[in-house]
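Here is how the chains run, residue by residue.
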Amino acid sequence: MNAVFYMLRKTVKNEILDTLRHPLKLLIYGFMAVTMVYAVISGFFASDEWITDNRQDIRLLYGAYLVLLHVISVPIMQKGFSTGTSFFSMADVNNVFTAPISDKKILLYGIGRQLASMLFLAISFSAYGSIAVGIFDLTVQQSLMLVGGILLMLFAVQFITLFFYCICSGHPRRASVLKYFVYMIPVYSIFVVLAYVFSRGFTYENLLAAVSQPILDFTPIVGWMHGFVLGLLSGAWLQTAVYGGLLLISFSVSIVVFAKIKLDFYEDVLSQAESYFEFRDSIRTGRMSENVMLGSRKINVRKTGINRGHGAAAVFFKHLKEGSRRSRFMFFNINTVVLLSVSLLVGKIIQDLPMFEGATGEWLEMKPTIIYLAVTVICAYVQFFFSAAGDWVKELNKHYIFLIPDSAVKKLIMAGATSIIKPFVDGLIAFGALYIIAGGNMIDAVTSMISYGSFGCVYIAANILAQRIVGGSGNGGVFITFYMSFIVLLMIPGIILGVVSLANFGAAGFFSISATLMAVPVFLWNFIISLCIFLLCRNLLDNIA
Amino acid sequence: MINVSHLTKKYHRFIANENLSFMINGGEIAVLAGPNGAGKSTAIKCIAGLLRFEGEIEICGYNNKSLEAKRLLGYIPEIPAPFELLTVWEHMEFIARAYNLEDWQDRAEELMRRMELLDKRDKLGRELSKGMQQKISICCALLIKPQAVLFDEPFVGLDPHAIKELKAMLFELKAQNVSVIISTHMLETVEEFWDKVFIMMNGRIEAERDRRSVEKTGENLEQLFFDITERSRSSSEPEKADNAAADDGESRRKKK
């Protein structure tokens with residue numbers, strides 16, 4: 001065990017020294033620290049006026065807290081059935097597992113590491129806790145209880161996962177039964193909330209009442225933790241004692257089972273560690289590989305052959321072939337479904353909202369043009385999360401694109417072509433469906449769709465720019481910081497132009513096509529700036545460095 | 001012909017390659033040998049046009065970054081990286097299309113047959129072992145009928161049959177007047193066919209020999225390698241030598 005402590009000590013020390021040696025890394029950590037400290041200070045010392053203006057119902061906090069507990073615990077528990085633990089690295093597998101150290105000590109070492117990594121989470125959550133102080137009128141102690149509850153949950157869920165693993169290892173039938181049992185935890189909560197809302201009507205007040213029902217605390221672990229923390233928060237000591245007792249029994253059983261059972265978790269951990277290693281490496285370098293994206297999914301090869309394209313164009317047709325293997329419907333994939341759902345949901349919600357007419361002082365029905373405008377903004381934001389791992393980024397991992405004897409700009413455009421087309425296909429489906437439910441002027445729908453697609457070009461351009469400037473650094477954190485900064489810098493002028501256009505032409509009586517007034521300058525700007533970046537960074541594919 | 005003139009590659013203050021100059025004529029097989037971190041892979045990547053550098057590199061008379069040079073150059077990287085979602089055959093097709101090759105199918109089949117990949121024709125890149133992936137790299141590089149080929153540790157991960165076949169291919173390349181550079185630690189594998197050897201230490205070429213001069217002295221490649229690297233190590237300051245022995249070229253670059 002001394003060797004393990006030595007390794008932990010050295011790892012921490014070297015991590016600190018490494019940070020000190022990299023000014024940019026230090027700067028980013030410093031920025032994050034300052035942001036968090038600011039959030040804490042502004043939360044605790046917010047003015048009374050701000051607190052009064054932004055005060056929210058405490059039941060909203062209860063609901064959000066329950067959702068958060070589900071989100072952090074259920075996926076980890078599900079993992080327990082197949083992989084046992086998620087806290088070992090490849091280096092651990094290769095060096096610690098093969099060392100003459102008992103299995104249980106190794107497992108405790110893994111848990112210790114996991115706890116250390118939670119310290120960072122604790123600091124992050126403390127910032128949110130301070131915000132809750134202001135918004136929900138909590139005391140500092142209550143805010144710390146909320147943060148402590150999350151940490152306790154993160155810690156507890158590791159033991160529960162371990163428990164599941166211990167009793168399910170080698171018993172697939174038992175594992176599948178327990179798997180459904182874990183799924184039932186969120187299903188039960190959703191059912192309880194929906195049943196309440198549907199029986200009494202879909203209003204904000206009923207929603208708040210639904211998410212704060214005591215029966216939501218009946219679910220094992222997640223509900224118990226919720227009941228325990230809320231009991232502490234509200235001074236309901238009996239509730240605290242009951243749920244605290246249930247949690248204590250669960251942990252004790254888990255520990256006893258772990259201590260008694262003979263574990264052989266190495267093989268299960270190995271495959272998990274390998275895929276996690278690949279995933280972490282791709283995050284670190286900012287370069288996603290197909291294996292990371294697809295996991296262990298089996299792909300059936302139906303037809304072999306790229307069949308089209310010469311020179312740089314071969315890269316584009318290769319991407320089409322790869323796309324058809326990833327998803328049978330090529331450009332139509334889960335991202336399209338998410339976007340379609342978001343556009344319809346947001347569209348419907350905004351459509352149901354009343355619109356204040358300043359000139360007459362009346363509340364009127366929402367205009368479709370405003371719906372298109374709002375949906376474009378939200379969908380463009382959602383698109384950001386889909387755009388990080390485009391085909392062209394994966395191309396940078398291989399040497400082939402650099403060696404192809406064709407012009408660099410042609411290679412760049414061809415490599416990025418599928419990533420450029422995809423948002424337009426998604427936009428066509430999402431805004432087409434929105435037009436059916438929202439109606440209005442078709443020009444608004446078309447310009448909004450083009451505008452949405454043009455944001456895809458900006459995201460690619462920002463990615464190219466970031467690759468050009470810091471892509472060789474091998475540091476994913478630095479890369480993401482630059483990438484996001486470039487997105488903001490590239491988008492701002494277009495948005496300003498759009499606002500100016502809306503203000504001027506809208507005042508001239510064209511308010512009925514507000515979405516078009518805003519969208520046209522935005523997409524024109526987005527296309528021009530993206531093209532400029534493509535041309536300026538054309539040498540990106542000249543060499544790997 | 002591969003002509004390298006005053007090649008220097010720096011990563012900030014760290015010099016990975018310092019003023020390398022050499023020429024490999026058509027039909028010659030040159031070996032880049034040296035301990036880990038000597039700068040062999042960096043030099044190969046510079047010649048392949050994958051890295052920025054100072055100096056000049058020509059492939060058959062063309063600047064190595066030019067399209068003409070790219071058309072004539074084959075490169076087998078140290079770590080194979082196939083396209084995960086393309087089949088083995090589609091790798092061949094992709095290269096043929098990207099390089100605008102004509103009548104390539106028979107040659108592709110022949111290369112795949114020799115590398116025992118024919119039965120893996122419809123397997124995806126992600127389903128192959130490391131050795132198989134290395135075989136795809138070799139087939140892709142040789143499909144274009146290159147006039148200059150760069151092999152970076154080509155024998156690592158290959159099974160004995162593939163090693164034997166690769167050796168035969170190297171003899172054929174030599175006979176076809178192709179310039180070949182091989183970076184390797186496995187000196188015994190190149191013993192039969194090398195023409196020139198460049199022994200690198202700390203980013204520099206410590207010694208350059210041709211086969212005839214070495215054979216005259218009765219030495220072999222391995223003896224020569226140890227003589228030069230041990231001598232060089234003892235004459236250079238200890239810290240520098242330790243650094244070189246500890247890390248490979250890539251990890252040194254990252255450290256800096």
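Each remark here, short or long, concerns the structure printed above.
As a starting point, this report considers the structure included with it. No experiment lies behind these values; they were computed from the predicted model shown.

## Brief notes about the overall build of chain B
Item 1. Secondary structure assignment for chain B yields 11 helices and 10 strands.
Item 2. Residues classed as buried in chain B amount to 57% of the 256 residues present.
Item 3. Excluding contacts between residues fewer than 6 apart, the proportion of contacts in chain B whose partners are at least 24 apart in sequence is 68%.
Item 4. Summed over all atoms, the accessible surface of chain B reaches about 11,000 Å², with 46% contributed by carbon and sulfur.

## Side note on helix α1 (residues 40-47) of chain B
Residue and element names in this part refer to chain B.
Item 1. For α1, the buried fraction is high: eight of the eight residues fall into the buried class.
Item 2. Inspection of α1 places Lys40, Ser41, Thr42, Ala43, Ile44, Lys45, Cys46 and Ile47 among the buried residues, and these make up the whole buried set.
Item 3. Trailing α1 by a residue or two, glycine 49 shows a phi angle of about 85°, which is positive.

## Brief notes about the sheet that holds strand β5 (residues 62-63) of chain B
By definition, the strands of a sheet pair up through backbone hydrogen bonds, in either a parallel or an antiparallel sense.
Residue and element names in this part refer to chain B.
Item 1. The four strands lie next to each other as β2-β1-β4-β5, forming an open sheet whose pairing is antiparallel. Strand pairing shows two members of the sheet lacking a second neighbour, β2 (14-24) and β5, which therefore form its edges.
Item 2. Pairing of strand β1 (residues 2-11) with strand β4 (residues 54-59), which is carried by five bridges, proceeds in the antiparallel orientation. Paired with valine 4 across the bridge in β4 is isoleucine 57.

## Quick notes on the pairing of β4 of chain B
Residue and element names in this part refer to chain B.
Item 1. Both β4 and β5 contribute to a ladder of two bridges, which runs antiparallel. Pairing of glutamate 58 across the sheet is with asparagine 63, part of β5.
Item 2. Counting the residues that bridge the hairpin from β4 to β5 gives two residues, and of these cysteine 60 lies at a positive phi of roughly 50°.

## A look at the interface of chain B and chain A
Interfaces are frequently sized by the accessible area removed from exposure as the parts join.
Item 1. With 34 residues of chain B at the interface, the matching set in chain A holds 43 residues.
Item 2. Summing the contributions of chain B and of chain A, the shared interface buries around 3,500 Å²; its carbon and sulfur component is 58%.
Item 3. When residues of chain B are sorted by the area they lose upon contact with chain A, Leu85, Arg97 and Arg126 of chain B head the list and together hold 20% of the total.
Item 4. Summed over the shared surface of chain B and chain A, the number is two salt bridges.
Item 5. A salt bridge links glutamate 84 of chain B to lysine 398 of chain A, with the nearest nitrogen and oxygen atoms 3.2 Å apart.
Item 6. In this assembly, chain B and chain A are joined by 14 residue pairs in polar contact (both at pLDDT 80 or more).
Item 7. When the residues that make up the side of chain B that touches chain A are grouped by side-chain class, the tally is 18 nonpolar, four polar and 12 charged.

## Some remarks on unusual backbone geometry
Residues and elements named next belong to chain B.
Item 1. Positive phi is not limited to glycine here, since cysteine 60 has a value of about 50°.
Item 2. With respect to the helices and strands, cysteine 60 occurs in the loop between β4 and β5.
Item 3. What makes cysteine 60 partly exposed here is its relative accessible area of 27%.
Item 4. Positive phi, close to 70°, is recorded for asparagine 177, a residue that is not glycine.
Item 5. Relative to the elements of secondary structure, asparagine 177 occurs in the loop between α6 (160-175) and β8 (179-183).
Item 6. The exposure class of asparagine 177 is partly exposed, given its relative accessible area of 48%.

## Brief notes about the packing of aromatic side chains
Item 1. If you walk through the whole model with that rule in mind, you get 16 aromatic pairs over all chains.
Item 2. Ring geometry for tyrosine 400 of chain A and phenylalanine 83 of chain B: centres 5.1 Å apart, planes at 35°, overall tilted. Separated into two different chains, tyrosine 400 of chain A in helix α18 (residues 400-403) and phenylalanine 83 of chain B in the loop between β6 (73-76) and α3 (88-98) make up a pair that spans both. Each member of the pair, tyrosine 400 of chain A as well as phenylalanine 83 of chain B, carries the same accessibility label: buried.

## Some points on a nonpolar patch on the surface
All names here are of chain A.
Item 1. Nonpolar side chains collect at one region of the surface, where Val12, Ile16, Leu17, Leu20 and Leu26 lie side by side and expose about 430 Å² of accessible area between them.
Item 2. When residues in the nonpolar patch are grouped by element, the largest group, four residues, is from helix α1 (residues 2-21).
Item 3. With respect to the helices, strands and loops of the structure, leucine 17 is situated in helix α1.

## Re the side chain of arginine 97 of chain B
Item 1. Here arginine 97 of chain B shows up in helix α3.
Item 2. If we ignore the near neighbours within four places in the chain, the residues touching arginine 97 of chain B are Ile306, Asn307, Arg308, Gly309, His310, Gly311 and Ala314 of chain A.

## Side note on the nonpolar core
Item 1. Phe94, Phe151 and Leu170 of chain B are the most contacted members of the largest nonpolar core, which totals 130 residues.
Item 2. Among the elements that line this core, the one with the most residues is helix α20 (residues 442-470) of chain A, at 10 residues.
Item 3. Here leucine 170 of chain B is in contact with Ile29, Phe151, Phe155, Val180, Ile182 and Phe193 of chain B, once residues within four sequence places are set aside.
Item 4. Ile72, Phe159, Met225 and Val257 of chain A belong to the second largest nonpolar core, which has 51 residues in total.

## Regarding the packing of helix α14 (residues 313-326) of chain A against helix α19 (residues 408-438) of chain A
Residue and element names in this part refer to chain A.
Item 1. At a closest axis distance of 7 Å, the pairing of α14 and α19 adopts a crossing angle of 40°. Considering their axes alone, α14 and α19 lie oblique with respect to each other. Packed against α14, whose contacting residues are Ala313, Val315, Phe316, His319 and Leu320, the element α19 presents Met414, Ala415, Ala417, Thr418 and Ile421 at the interface.

## A look at the sheet that holds strand β7 (residues 148-152) of chain B
Residue and element names in this part refer to chain B.
Item 1. Sheet architecture is open: six strands sit in the order β6-β7-β8-β3-β9-β10, paired in mixed fashion. Only two strands of the sheet have a single neighbouring strand rather than two, namely β6 and β10 (204-210). Each adjacent strand pair in this sheet contributes to an overall mean axis angle of 15°, direction not counted.
Item 2. Two strands pair when backbone bridges link them, and strand β9 (residues 196-201) and β10 are joined in this way by six bridges, in the antiparallel orientation. Along β10, the bridge assignment pairs methionine 201 with arginine 204.
Item 3. Relative to the sheet, α1 contacts β3 (29-33), β6, β7, β8 and β9, its axis offset from that of β7 by approximately 150°.
Item 4. In the packing of α6 onto the sheet, contacts are made with β3, β7 and β8, and the angle to β7 comes to roughly 150°.

## As for the packing of helix α16 (residues 368-387) of chain A against helix α22 (residues 514-536) of chain A
Residue and element names in this part refer to chain A.
Item 1. It is at 7 Å that the axes of α16 and α22 come closest, and there the two elements cross at 35°. Residues Thr369, Tyr372 and Leu373 of α16 form the contact with α22, whose participating residues are Ser514, Ala515 and Met518.
Item 2. Looking at side-chain class alone, the contact of α16 with α22 contains four nonpolar, two polar and no charged residues.

Thresholds applied
Residues numbered from 1 in each chain as written. Chains lettered and ligands numbered in written order. Predicted model: local features only at pLDDT ≥ 70, side-chain atom pairs only at ≥ 80, totals over all residues. Heavy atoms only, no water. Helix = DSSP H or I, 4+ residues; strand = E, 2+ residues; numbered from the N terminus. Buried < 20%, exposed > 50% of the residue type's maximum accessible area, 1.4 Å probe, protein only. Contact = heavy atoms within 4.5 Å. Areas by Shrake-Rupley, 256 points an atom, 1.4 Å probe, with all protein chains shown as cover. Pairing = 2+ DSSP bridges. Buried area = accessible area lost by both parts, 1.4 Å probe. Salt bridge = Lys/Arg side-chain N within 4 Å of Asp/Glu carboxyl O. Polar contact = N/O pair within 3.5 Å; in protein donor to acceptor, adjacent residues only side chain to side chain. Nonpolar A, V, L, I, M, F, W, Y, C, P; charged D, E, K, R; others polar. Phe/Tyr/Trp six-rings, centres within 6.5 Å; stacked < 30°, edge-to-face > 60°. Patch = residues over 30% accessible without salt bridge, like charges linked within 9 Å, V, L, I, M, F, W, Y side chains within 5 Å. Core = buried A, V, L, I, M, F, W, Y, C linked by side-chain atoms within 4.5 Å. Axes fitted to C-alpha atoms, helices over the stretch in contact; angles between N-to-C directions. Parallel < 35°, antiparallel > 145°, perpendicular 65-115°, else oblique.

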